[in-house]
2 protein chains.
Amino acid sequence: MELWLEELQLGNMRFGLRADTVLHREVSRFQEILVVDTYAFGRVMMLDGTFQVTEKDEFVYHEMLAHFPLMSHESPKDVLVIGGGDGGTIREVVKHPEVERAVLCEIDPRVTAVAREYLPSVAAGLSDPRVEVLHEDGIKLVQDHEGAFDVILIDSTDPVGPAVGLYSPEFYAACKRALRPGGIVCAQSESPFVNGDVVRRVAQSVKANFSACQLYLAPLPTYPSGFWSFTAGADHELPQDVDKARAERLATRYYTAEMHKAAFALPPFAKALVE
Amino acid sequence: MELWLEELQLGNMRFGLRADTVLHREVSRFQEILVVDTYAFGRVMMLDGTFQVTEKDEFVYHEMLAHFPLMSHESPKDVLVIGGGDGGTIREVVKHPEVERAVLCEIDPRVTAVAREYLPSVAAGLSDPRVEVLHEDGIKLVQDHEGAFDVILIDSTDPVGPAVGLYSPEFYAACKRALRPGGIVCAQSESPFVNGDVVRRVAQSVKANFSACQLYLAPLPTYPSGFWSFTAGADHELPQDVDKARAERLATRYYTAEMHKAAFALPPFAKALVE
């Protein structure tokens, strides 16, 4: 008998992983949380039927969301991560010795607790002494912290339900106020193949508030279409060439200074979404 | 009622597209051929239950397989495509005005016939007067043509059944003999995420016969893991900088001179497969 864990993607696609053991299942105040061991992608966490993180491919997402903006900043001391309750983005953030304080603002405390228990390699960074974990609404937190951060990372779920507000121009205006001069905001912005409207919406929200807006792309096998986008915003030109020695110290499997530079080359079909 | 077209990938993954109409189904001498209209990826051709080509994402695969090696050659006059019976790779090859003769060697005449009828936008290039379509065994054809081609493209199915021979060092040795001096061979080489063994095998076969071996990557939503690799071989260094004006004339949606250069940056996890 075979057990399959399957995500219905945008109504017209589905992606499934053959499962070994169901380790945990609960309905939190915010969503259904499911942890399953799969054969092809190792341990997997699903939220409301959507693949959030898998042991096999999470490194690409977390490295690209964290290191592209952090390496674009000369001295990222205070970093805020909104969402990302599994801790993977924070794990990458605290690899930077420049970081003095990393705040994780995840609305659902159960996501963090479940990740600590079942996905220790992902949640590892949460125990770093520089990390502060808050379970609040990220939108309110950003509004309440003016000029407090050097980098804000938006590691949100899809633009449905509570995460919708994280895609609006008003939220990016609040992020701008929460940043110090020279600050950088960066968000996961969905698939250029199947969520072109979201890619466009995030770019518009960033451009409405920042002079520079850079889309960049990376593969994510367990997310719809297997190819994902990130959007960075700043009020200065984002550097294509970053410090190689600094990048090498991060001990990464996807991100490098070379990959950083290469990320500025965009295929015309994706470039067209943000122009 | 919903109709789903689904591929079981490597036993432990599955990818499905919701289908509208089944347009064609036959069992040829070589394989089962299925053409279906899907909601998310347009018209799709499956061979033996494996997604081969979809209207929505085929441009990435065909552009990257054809233009990377052709743009790496100063004057690609004679080009051979092995496999690729749908015609998509040939369509990109004949965009190069330098090409005087493009030979398509597809073992199954029914694939070509079905593509001409049901996927005219993919098969378009097959009608170009410079194109010669042969329905033979690619291995034998290569053995019989010494010093005949400037570029050989291996657009094969997965390394099972009749395609296995196309992954061997002996086949690449024959390709080398079939190439003129300065010639380039380039093959699709499967997913760096889930077919690491194949990526490695192709690199070994290329390296056993050519002094230069370059892996490069591109997204392919309907192939396993959504991320694909290609491997190019030559007896000279492959150029990172190609003629921008020449690239622009190709009217592409994924490939550009900038994307060509960026393709040389490889994530460490993929680089490790070919080192």
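As a reminder, the structure under discussion sits directly above these lines.
Residues numbered from 1 in each chain as written. Chains lettered and ligands numbered in written order. Predicted model: local features only at pLDDT ≥ 70, side-chain atom pairs only at ≥ 80, totals over all residues. Heavy atoms only, no water.

1. Quick word on the interface of chain B and chain A
Keep this limit in mind: Throughout, a contact is declared for two residues whenever any of their heavy atoms are within 4.5 Å. Buried area, as used here, totals the accessible surface that two parts lose on assembly, with accessibility defined by a 1.4 Å probe and the loss added over both. The rule for a salt bridge is simple: a side-chain nitrogen of Lys or Arg has to be within 4 Å of a carboxyl oxygen of Asp or Glu.
Contact with chain B, which involves 38 residues of that partner, is made by 39 residues of chain A. For the pair chain B and chain A, the summed buried area comes to about 3,200 Å², and 66% of that belongs to carbon and sulfur atoms. Contact with chain A buries area across many residues of chain B, yet N12, R14 and F193 of chain B alone supply 21% of it, more than any other trio. Notably, a salt bridge pairs R14 of chain B with E6 of chain A, separated by 3.0 Å at the nearest N-O pair.

2. With respect to the pattern of salt bridges
Oppositely charged side chains may form a pair once their charged atoms are brought near each other. The criterion, for reference: The numbering of helices and of strands both runs from the N terminus, where a helix is a DSSP run of H or I of at least 4 residues and a strand a run of E of at least 2. Type-normalised accessible area, obtained with a 1.4 Å probe on protein chains alone, sets the label of each residue: buried when under 20%, exposed when over 50%, and partly exposed for intermediate values.
For the coordinates displayed, the defined rule picks out 34 salt bridges over all chains. With a shortest N-O distance of 3.1 Å, D78 of chain A and R180 of chain A are connected by a salt bridge. Placement of the pair is D78 of chain A in strand β6 (residues 78-83) and R180 of chain A in strand β10 (residues 179-188), with a sequence separation of 102 residues. What makes D78 of chain A buried here is its relative accessible area of 10%. With a closest N to O distance of 3.3 Å, E98 of chain B and R246 of chain B form a salt bridge.

3. Considering the nonpolar core
Going by this rule: In these notes, a set of buried Ala, Val, Leu, Ile, Met, Phe, Trp, Tyr and Cys residues joined through side-chain atoms within 4.5 Å is what counts as a nonpolar core.
Counting residues in hydrophobic clusters, the biggest one holds 138 residues, and the most contacted among them are V93 and L153 of chain A together with V93 and L153 of chain B. Ignoring anything within four residues of it in the chain, the contact list for L153 of chain B reads L65, A66, P69, L70, V79, L80, V81, I82, T89, V93 and C186 of chain B.

4. What about the relation of the copies chain B and chain A?
Quick note on the threshold: In this comparison the copies share one frame, found by least squares on the C-alpha atoms of residues holding pLDDT of at least 70 in both.
Between chain B and chain A, which share one sequence, the superposing operator has a rotation angle of 180 degrees and an axial displacement of 0.0 Å; the RMSD is 0.0 Å. In symmetry terms, the pair is related by a two-fold rotation axis.

5. Focus on the packing of aromatic side chains
For the record, the criterion: Note on aromatic contacts: the rings of Phe and Tyr and the six-membered ring of Trp form a pair at centre separations within 6.5 Å, being stacked when their planes are under 30 degrees apart, edge-to-face when over 60 apart, and tilted otherwise. Each ring is checked for a lysine NZ or an arginine CZ that lies within 6 Å of its centre and within 35 degrees of its normal; such an atom marks a charge sitting over the ring.
Taken as a whole, this structure holds 24 aromatic pairs over all chains when the rule is applied. Ring geometry for Y223 of chain B versus W228 of chain B: centroids 4.8 Å apart, planes at 65 degrees, classification edge-to-face. Accessibility assignment for this pair places Y223 of chain B and W228 of chain B in one class, buried. One aromatic cluster is present, formed by Y61, F68, Y216, Y223, W228, F230 and F264 of chain A through successive ring pairs. Over the face of the ring belonging to F59 of chain A we find R253 of chain A, whose NZ or CZ atom lies 4.0 Å from the ring centre. Sitting over the ring of F41 of chain B, K56 of chain B keeps its end group 5.8 Å from the ring centre.

6. Structural notes on the sheet that holds strand β7 (residues 101-105) of chain A
Residues and elements named next belong to chain A. Inclusion rule: Note on pairing: DSSP must find at least two bridges between two strands before they are called paired. To define axes, lines are fitted to C-alpha atoms, for helices over the stretch in contact only, and angles between the resulting N-to-C directions are given on a 0 to 180 degree scale.
Read from one edge to the other, the open sheet built from seven strands follows the order β8-β7-β6-β9-β10-β12-β11, with strand pairing classed as mixed. The open sheet has two free edges, formed respectively by β8 (131-134) and β11 (212-219), since each of these has just one partner strand. Across this sheet, the average inter-strand angle for adjacent strands is 15 degrees, counted without regard to direction. As paired strands, strand β9 (residues 149-155) and β10 are joined by five bridges and run parallel to one another. Bridging from a neighbouring strand, F149 pairs with L179 of β10. Each of β11 and β12 (227-234) is contacted by helix α7 (residues 196-207), which is oriented at about 10 degrees to β12, the strand it contacts most.

7. Overview of the sheet that holds strand β12 (residues 227-234) of chain B
Residue and element names in this part refer to chain B. The sheet built from seven strands is open, its strands ordered β8-β7-β6-β9-β10-β12-β11 with mixed pairing. Edge strands, defined here as strands with exactly one partner in the open sheet, are β8 (131-134) and β11 (212-219). Between one strand axis and the next, the sheet turns by 15 degrees as a mean value, whatever way the strands run. Two strands pair when backbone bridges link them, and strand β10 (residues 179-188) and β12 are joined in this way by five bridges, in the antiparallel orientation. Opposite I184, over in β12, you have A234 as the bridge partner. Contacts between helix α7 (residues 196-207) and the sheet are confined to β11 and β12, with β12 contributing the most and set at about 10 degrees to the helix.

8. Topic: the environment of G85 of chain A
Residues and elements named next belong to chain A. In this fold, G85 is placed in the loop between β6 and α2 (88-93). On the basis of relative accessible area, G85 is assigned to the buried category, the value being 2%. Remark: the alpha-carbon pair of G85 and F30, spanning 55 residues in sequence, is separated by 13 Å.

9. Comments concerning empty space enclosed by the protein
Left-over empty space is what a probe sized like a water molecule reveals as it rolls over the atoms. Formally: A cavity here means a set of points on a 1 Å grid, drawn over the protein atoms and nothing else, where a 1.4 Å probe fits but cannot get out; a pocket is an open set with protein on both sides within 12 Å along at least five of seven lines, and a residue lines either one if it has an atom within 4 Å of a point. Grid points are joined across faces, edges and corners, and a volume is the space filled by probe spheres set on the points. Residue classes follow a fixed rule: Ala, Val, Leu, Ile, Met, Phe, Trp, Tyr, Cys and Pro count as nonpolar, while Asp, Glu, Lys and Arg count as charged, and any other residue, Gly among them, counts as polar.
This structure, assessed with the given rule, holds four cavities of 30 Å³ or more. Roughly 340 Å³ of internal volume is contained in the largest cavity. Every residue lining the largest cavity is counted, 23 residues in all, and those nearest its centre are L217, Y254 and M259 of chain A together with Y254 and M259 of chain B. Those elements that place two or more of their residues in the lining of the largest cavity are β11 and α9 (257-262) of chain A together with β11 and α9 (257-262) of chain B. Tallied by class, residues from the lining of the largest cavity come to 23 nonpolar, no polar and no charged. Lining the second largest cavity are 14 residues; nearest its centre among them are F15 and P221 of chain A together with F15, P221 and G226 of chain B. In terms of residue class, the lining of the second largest cavity is built from eight nonpolar, six polar and no charged.

10. Considerations on the side chain of N209 of chain A
The topology assignment puts N209 of chain A in the loop between α7 and β11. Once residues lying within four places of it in the same chain are set aside, the contact partners of N209 of chain A are P169, Y172, A173, K176 and D235 of chain A.

11. Re the environment of A208 of chain B
Residue placement: A208 of chain B occurs in the loop between α7 and β11. Sequence separation between A208 of chain B and I107 of chain B is 101 residues, and the spatial gap between their C-alpha atoms is 26 Å.

12. Quick word on helix α1 (residues 58-72) of chain B
All names here are of chain B. Put simply, the rule reads: In this analysis, the expected span of each helix is defined as 1.5 Å times one less than the number of residues it contains. What the bend at a residue measures is the angle between two axes, fitted to the seven residues ending there and to the seven starting there.
The end-to-end C-alpha distance of α1 is 22 Å, a good match for the 21 Å that 15 residues give at a rise of 1.5 Å each. In the structure, α1 departs most strongly from a straight axis at M64, where the bend amounts to approximately 25 degrees. The buried fraction of α1 amounts to 15 of the 15 residues, a majority that puts the element mostly inside the structure.

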